[in-house]
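# Examining the three-dimensional arrangement
Listed below are the residues making up each chain.
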Amino acid sequence: MTTDWRSETVDHVRALIVRAEPDVVEEARWKKPSNPAGVPTFSADGLICTVETYKDKVKLTFAKGASLADPSGIFNASLDAGTRRAIDLHEGDQPDADAFVALVREAVALNRG
């Protein structure tokens, strides 16, 4: 049995988040019958982002994404949302590691502001 690409993507993103903020806290929240495992959330002095898996993508939603600088243009979803911004990763996609780590670090700094 091969590992699902979404699981591999989540594992990769998790490693980048930990690289950006070693003291990050990962929790599963919002458990429900349709998603008994819940939604992985990553926090450091406040919510940084959530990681949701869908049939065709992995969605990384940054809680305060609209307040973050995004010089690399890594955000590609929820661009018109009032507070959040997201990154949708499809099969074969990998986020730019350095840009993603910088984004996580900026989100943590904003939380600690």
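One can find the structure itself at the top, above this paragraph.
Summary of the structure given here. Just so you know, these numbers come straight off a predicted model, no measurement behind them.

Helices and strands together make up the secondary structure of the chain, namely two helices and five strands. Counting from the amino terminus, the chain carries its helices and strands in the arrangement α-β-β-β-β-β-α. Against the globule reference of 13 Å for 113 residues, the chain gives a C-alpha radius of gyration of 13 Å, in line with a compact fold. Taken over the C-alpha atoms alone, the chain extends approximately 45 × 30 × 25 Å along its principal axes. Per-residue burial for the chain yields a buried fraction of 40% across its 113 residues. For the chain, the share of sequence-separated contacts (at least 6 apart) that also reach a separation of at least 24 residues comes to 49%.

What follows concerns the pairing of strand β3 (residues 47-53). On a regular strand, each side chain points to the face opposite its neighbour's, so the side chains alternate between the two faces of the sheet. As paired strands, strand β2 (residues 39-43) and β3 are joined by three bridges and run antiparallel to one another. Within β3, the position partnered with F42 by the bridge is C49. Between β2 and β3, which pair antiparallel and follow one another directly, the connecting turn spans three residues, one of which, D45, has a positive phi of 55°. With five bridges joining them, β3 and strand β4 (residues 58-62) adopt antiparallel strand pairing. Residue pairing across strands places T53 opposite V58, the latter belonging to β4. Counting the residues between successive antiparallel strands, the hairpin from β3 to β4 contains four residues.

It is worth spelling out the packing of helix α1 (residues 5-20) against helix α2 (residues 97-112) at this point. Each pair of packed helices gets described by two things: the angle between the helix axes and the distance between those axes. Relative orientation of the contacting elements α1 and α2 amounts to 55°, with a least axis distance of 8 Å. Compared by their axis directions, α1 and α2 come out oblique. Between α1 and α2 the crossing geometry is right-handed. Contacts between α1 and α2 involve V13, L16, I17, R19 and A20 from the former and A97, D98, F100, V101, V104 and R105 from the latter. Split into classes, the residues belonging to the contact of α1 with α2 amount to eight nonpolar, no polar and three charged.

The strand order β1-β2-β3-β4-β5 describes an open sheet built from five strands, whose pairing is antiparallel. Looking at the sheet topology across the chains shown, the edges are occupied by β1 (25-29) and β5 (85-89). Along the sheet, successive strands turn relative to each other by an average axial angle of 20°, direction set aside. One ladder, built from five bridges, connects β1 with β2; its direction is antiparallel. Across the sheet, residue A28 finds its bridge partner in β2, namely P40. Sitting on the sheet, α1 is in contact with β1, β2, β3, β4 and β5, with an inclination near 30° to β4.

Turning our eyes to something else, we now look at the environment of T9. Considering the arrangement of structural elements, one finds T9 in helix α1. Owing to a relative accessible area of 4%, T9 belongs among the buried residues under this scheme. For T9 and L89, which are 80 residues apart along the polypeptide, the C-alpha to C-alpha distance reads 8.1 Å. Those residues within four positions of T9 in sequence are excluded, and the remaining contacts are V58 and L89.

Conventions used here
Residues numbered from 1 in each chain as written. Predicted model: local features only at pLDDT ≥ 70, side-chain atom pairs only at ≥ 80, totals over all residues. Heavy atoms only, no water. Helix = DSSP H or I, 4+ residues; strand = E, 2+ residues; numbered from the N terminus. Rg over C-alpha atoms; globule rule 2.2 N^0.38 Å. Buried < 20%, exposed > 50% of the residue type's maximum accessible area, 1.4 Å probe, protein only. Contact = heavy atoms within 4.5 Å. Pairing = 2+ DSSP bridges. Axes fitted to C-alpha atoms, helices over the stretch in contact; angles between N-to-C directions. Parallel < 35°, antiparallel > 145°, perpendicular 65-115°, else oblique. Left-handed = near helix turned anticlockwise from the far one by under 90°. Nonpolar A, V, L, I, M, F, W, Y, C, P; charged D, E, K, R; others polar.

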